[in-house]
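What follows is the residue order along each chain.
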Amino acid sequence: MEKIAVKEEWRQRALITAEEYQAWYRRSVEDPDGFWAEHGKRIDWMKPFTKVKNTSFAPDVSIKWFEDGTLNVSANCIDRHLEERGDAVAILWEGDNPAESRKITYRELHENVCRMANVLKSRGVKRGDRVTIYMPMIPESAFAMLACARIGAIHSVVFGGFSPDSLANRIEDARSSVLITADEGLRGGRKVPLKKNADKAIEIAGKAGQKVETVLMIRRTGGDVGFAEGRDLWWHEARETVEATCAPEEMGAEDPLFILYTSGSTGKPKGVLHTSGGYLVWASITHHYIFDYRPGEIYWCAADIGWVTGHTYILYGPLANGATTVMFEGIPNYPDASRLWQVVDKHKVNIIYMAPTAIRALMGAGDSFVTSTSRESLRQLGTVGEPINPEAWLWYYRVVGDERCPIVDTYWQTETGGTLITPLPGVTDLKPGSATLPFFGVQPQLVDSEGTVLEGATSGNLCIVDSWPGQMRTVYGDHERFVQTYFSTYKGKYFTGDGCRRDEDGYYWITGRVDDVINVSGHRMGTAEVESALVSHPAVAEAAVVGYPHDLKGQGIYCYVTLLDGEEPTDELKKSLIAHVREEIGPIASPDKIQFAPGLPKTRSGKIMRRILRKIAEDDFGALGDTSTLADPTVVEDLVEHRQNRR
Ligand code: 6R9
């Protein structure tokens, strides 16, 4: 694979040299206390920390950073910039409709966040309370998150594409009695019925014993939505009834900042818990060095605020660094496939950060949508969310970036808070498809399935051997699940769930999940979640779900479904199953393929052998491996035959 060496122009503007990267990295792992004592000071502390790292991965799992320091995250993202940059734009909002945009300065952000904090307080919200946020991509989402941070409440943002059931589950799990939402969202010219979904979710949660007492509603479309007297209130009315300032609450470094639910290989989504001090240091330092952000630049992370990428790299990292962060309500192909590049030209965007799935889709639409725009303001490109195939990488580099802009392929997870493995612009030579080298303080290790450490150029399961400040602290309400999920497969190590190759230059190439998580367009789905949605359909006896390679989405959702006796395997039923899964989880979980299967391959102990199902879904019939341990090996022949006949 070709290597793209650092260009002289990139090197000249880089924040550090390649030698400094090596030296800093070495110090960060040999003397983490010294390294992070220094870099921990990049954020403002109310009371400075005296302790730096206090972490253990075994026998007990306990992670604390800067534990005796106090701070307020919203003050770091807003107040500390007011004097120097009060009139600079903090949030540059671009609407779904190209005619709509808004600019919110740091001073305006301050007032809005204070007012929203005061509205929450007036409803009795206090430190430690969980506030659920179910919002479209509008600046008020940022106000809501920062308002929680200001008063020490813990936000739990639920992606606006999730169904009422999924929202209800998250409200219940977080025991949240406050919800912030909007009347409707707007995406690609279509309305998303947020308040209607929220009303349904509140009803479901209520039946399960979790009462929602306050719903703060933002008016986005002006659509006609229900209003529950005593429970609901409109933001545009409530904001006029409260003070325009609100003193930031003094929080401990280890006080929770937010919960974000993410899919795992088993059971219901987990509430990943991040705390205040270490998370903010990590968000800020990674944003600074990875995007080489300089004051005055326009930075755009085209993710949704409902995912961790939106939390860390639309909101907390950039705002902690005093950046201008673009927030985009729309989608890449509306009104047409030129939209992103038109927005780049309109706002003179310098840095863009997006998902490989969008890059592949735009590549498929043809170069003219790109080349019809100037993009001369761009100087840096980034990707995140899934492995990027070299072809898409090169297209992004050549066609979008005109070979002028380095690409940072940033590998990380909801659990890691921010990027772990990434090139640094002007520092790291690039290889299309590789996330390259670890960020400061990150110690990757590859192990085989027995846990034996693999050295040199090799492939294995990716673990991280020691803590970094942005690491999640626990699963909300279930520390044992945290320990089991991440630290029990390989004792004493954090296991990412990803497979990875390391080449002769020590570069890391993430190959994708090795557990039962599917990465669909950069969104994580647990196979177990889709299976449980399928079996809740009245015609289904059993279901097994696997990922398979999909040209645009990276991975698609492939479902093997066994029907109850007497049910007919028709196309109508397939449609009904797809609709059912969308209803249960949300459109992002839409099955791509359904194969009716008379039986599923199981071991004698009854375990479904997904390895085999994966191979069949991939059309890789020659590599089915050993099927002798199956209870009924003929099941496999049948599945292969059905697959080949494409029935
Ligand atoms: C930030 C985010 C995490 C999973 C992760 C991995 C995949 C993310 C990647 C990547 C290859 C990259 N992933 N970035 N794979 N190269 N640059 O996406 O968090 O939604 O929790 O997903 O995404 O498989 O384990 P999350």
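Residues numbered from 1 in each chain as written. Predicted model: local features only at pLDDT ≥ 70, side-chain atom pairs only at ≥ 80, totals over all residues. Heavy atoms only, no water.

1. Remarks on the overall build of the protein
Note the following rule: Each helix is a run of H or I in the DSSP string that is no shorter than four residues. Each strand is a run of E no shorter than two, and both are numbered from the N terminus. Our radius of gyration looks at C-alpha atoms and nothing else; its globule reference is 2.2 Å times the residue count to the power 0.38. Think of it in three bands: residues with accessible area under 20% of the maximum for their type are buried, residues over 50% are exposed, and the middle band is partly exposed, with areas taken using a 1.4 Å probe on protein chains only. Where accessible areas are quoted, they stem from the Shrake-Rupley method and a 1.4 Å probe; at the residue level, only the protein chains shown are allowed to cover. When charges are counted, Lys and Arg contribute as positive and Asp and Glu as negative, whereas His and the chain ends are disregarded. For charged residues, the charge sits on one atom: NZ in Lys, CZ in Arg, CG in Asp, CD in Glu.
Within the protein one finds 20 helices and 31 strands. In summary, the protein has a C-alpha radius of gyration of 24 Å against a globular reference of 26 Å for 647 residues, a match within 12%. If one aligns the C-alpha atoms of the protein with their principal axes, the spans along those axes are about 75 × 65 × 60 Å. The 647 residues of the protein split such that 61% are buried. When the accessible surface of the protein is split by element, carbon and sulfur atoms take 48% of a total near 24100 Å². Taking the average location of the 73 positive side-chain charges in the protein and that of its 89 negative ones, the two points are 2 Å from each other.

2. Regarding the site of the ligand
Under the convention used in this document: For this purpose, a residue is taken to be near a molecule or strand whenever a single non-hydrogen atom of the residue falls within 4 Å of it. Between N or O atoms, a polar contact is any pair within 3.5 Å; within protein, one atom must be a potential hydrogen donor and the other a potential acceptor, and residues adjacent in sequence are included only when both atoms are from side chains. Gly falls in the polar group here, along with every residue not listed as nonpolar (Ala, Val, Leu, Ile, Met, Phe, Trp, Tyr, Cys, Pro) or charged (Asp, Glu, Lys, Arg).
Neighbouring the ligand are 17 residues; Asp409, Thr410, Thr414, Asp498 and Arg524 lie closest to it. Between Pro387 and the ligand, the recorded distance is 3.3 Å, taken from a backbone N or O atom to a nitrogen atom. Elements represented by at least two residues in the shell around the ligand include exactly helix 11 (308-320), strand 20 (407-410) and strand 26 (508-513). In terms of residue class, the shell around the ligand is built from six nonpolar, six polar and five charged.

3. Topic: the sheet that holds strand 21 (residues 444-447)
Stated precisely, the cut-off is as follows: Any two strands between which DSSP finds at least two bridges are classified as paired.
Here five strands make up an open sheet; going across it, the order is 22-21-23-25-26 and the pairing antiparallel. On the outer flanks of this sheet lie strand 22 (453-454) and strand 26, each paired with one strand and no other. Bridge count between strand 25 (residues 494-502) and strand 26: five bridges; the pairing is antiparallel. Along strand 26, the bridge assignment pairs Gly499 with Gly512.

4. Details of unusual backbone geometry
What you tend to see is this: most non-glycine residues have negative phi, and most peptide bonds are trans. Omega for the peptide link from Ala58 to Pro59 comes to -5 degrees, which places this bond in the cis form. Residue position: Pro59 is located in the loop between strand 1 (53-56) and strand 2 (62-65). In this structure, Pro335 follows Tyr334 across a cis peptide bond, with omega equal to -5 degrees. Structurally, Pro335 can be placed in the loop between strand 17 (324-328) and helix 12 (339-347). Within the chain, Asp402 stands out as a residue other than glycine whose phi angle is a positive 50 degrees.

5. Overview of the UniProt feature "binding site: Mg(2+)" (unreviewed entry) in the protein
Applicable threshold: UniProt positions are given in the numbering used here, feature names are shortened, and annotations may be inferred rather than shown by experiment.
Under the UniProt annotation, "binding site: Mg(2+)" (unreviewed entry) lies at Val535, His537 and Val540. As for its position among the elements, Val535 is in helix 17 (residues 527-535). Residue class for Val535 comes out partly exposed when judged on its relative accessible area of 37%. By the element assignment, His537 lies in the loop between helix 17 and strand 29 (540-550).

6. Some thoughts on the sheet that holds strand 5 (residues 101-105)
Backbone hydrogen bonds are what pair the strands of a sheet, in a parallel or an antiparallel way. For the record, the criterion: Lines fitted to C-alpha atoms define the axes, with helix axes restricted to the stretch in contact, and inter-axis angles between N-to-C directions lie between 0 and 180 degrees. Whether two residues are in contact is decided by their heavy atoms: any pair within 4.5 Å suffices.
The mixed open sheet is built from seven strands, whose spatial order is 5-4-17-16-18-19-20. For this open sheet the edge positions go to strand 5 and strand 20, each flanked by a neighbour on one side alone. The sheet shows a mean angle of 20 degrees between the axes of neighbouring strands, taken without regard to direction. The strands touched by helix 6 (residues 139-151) within the sheet are strand 4 (89-94), strand 5 and strand 17, with strand 5 carrying the most contacts at an inclination of about 30 degrees.

7. So, the pairing of strand 14 (residues 256-262)
Residues in a regular strand point their side chains to alternate faces of the sheet. Among the seven residues of strand 14, six are classified as buried, and the element is accordingly described as predominantly covered. Both strand 7 (residues 154-157) and strand 14 contribute to a ladder of two bridges, which runs parallel. Residue His155 lies in a different strand from strand 14, and its bridge partner there is Phe258. Pairing of strand 14 with strand 15 (residues 270-275), which is carried by six bridges, proceeds in the antiparallel orientation. By the bridge assignment, Ile259 is partnered in strand 15 with Leu273.

8. Thoughts on helix 6
This is how it is decided: Here, expected helix span is obtained from the residue count minus one, scaled by 1.5 Å.
The end-to-end C-alpha separation of helix 6 is 19 Å, in line with the 18 Å expected for 13 residues at 1.5 Å each. Phi turns positive, to about 80 degrees, at Gly152, one or two residues after helix 6.

9. With respect to the pattern of salt bridges
Cut-off, in case you're wondering: By definition, a salt bridge exists where a carboxyl oxygen of Asp or Glu is found within 4 Å of a side-chain nitrogen of Lys or Arg.
Taken as a whole and judged by the stated rule, the model has 45 salt bridges. The residue Arg360 makes a salt bridge to Glu386 at a minimum N-O spacing of 3.0 Å. Note that Arg360 is positioned in helix 13 (residues 356-365) and Glu386 in the loop between strand 19 (380-384) and helix 15 (390-400), a separation of 26 residues in sequence. Its salt-bridge partner being Lys431, residue Asp503 comes within 2.7 Å of it at the nearest N-O pair. With Asp503 in the loop between strand 25 and strand 26 and Lys431 in the loop between strand 20 and strand 21, this residue pair connects regions lying 72 residues apart in the sequence. An identical accessibility class is assigned to Asp503 and Lys431; each is buried. A single salt-bridge network, built from bridges that share partners, covers Arg13, Asp292, Arg294, Glu297 and Arg379.

10. A few points about helix 13
Residues lying three or four places apart along an α-helix face the same way, a consequence of the helix completing one turn every 3.6 residues. Every buried residue of helix 13 is accounted for by Pro356, Thr357, Ala358, Ile359, Arg360 and Leu362. Tucked inside the fold, the buried residues of helix 13 contact helix 12, strand 18 (351-354), strand 19, helix 15 and strand 30 (554-563). Of the residues flanking the end of helix 13, it is Gly366, one or two places downstream, whose phi is positive at about 110 degrees.

11. A few points about the pairing of strand 21
Neither face of strand 21 is left uncovered, since the one carrying Pro444 and Leu446 and the one carrying Gln445 and Val447 both have all their residues buried. Where strand 21 lies against strand 23 (residues 458-464), four bridges are found, and the strand directions are antiparallel. Each residue of the ladder has a partner; that of Leu446, found in strand 23, is Leu462. Judged from the two bridges that link them, strand 21 and strand 22 form a sheet pairing that is antiparallel. Looking at the pairing, Val447 lines up with Val453 of strand 22. The antiparallel pairing of strand 21 with strand 22 creates a hairpin that spans five residues between the two strands, and Gly451 there sits at a positive phi of about 95 degrees.

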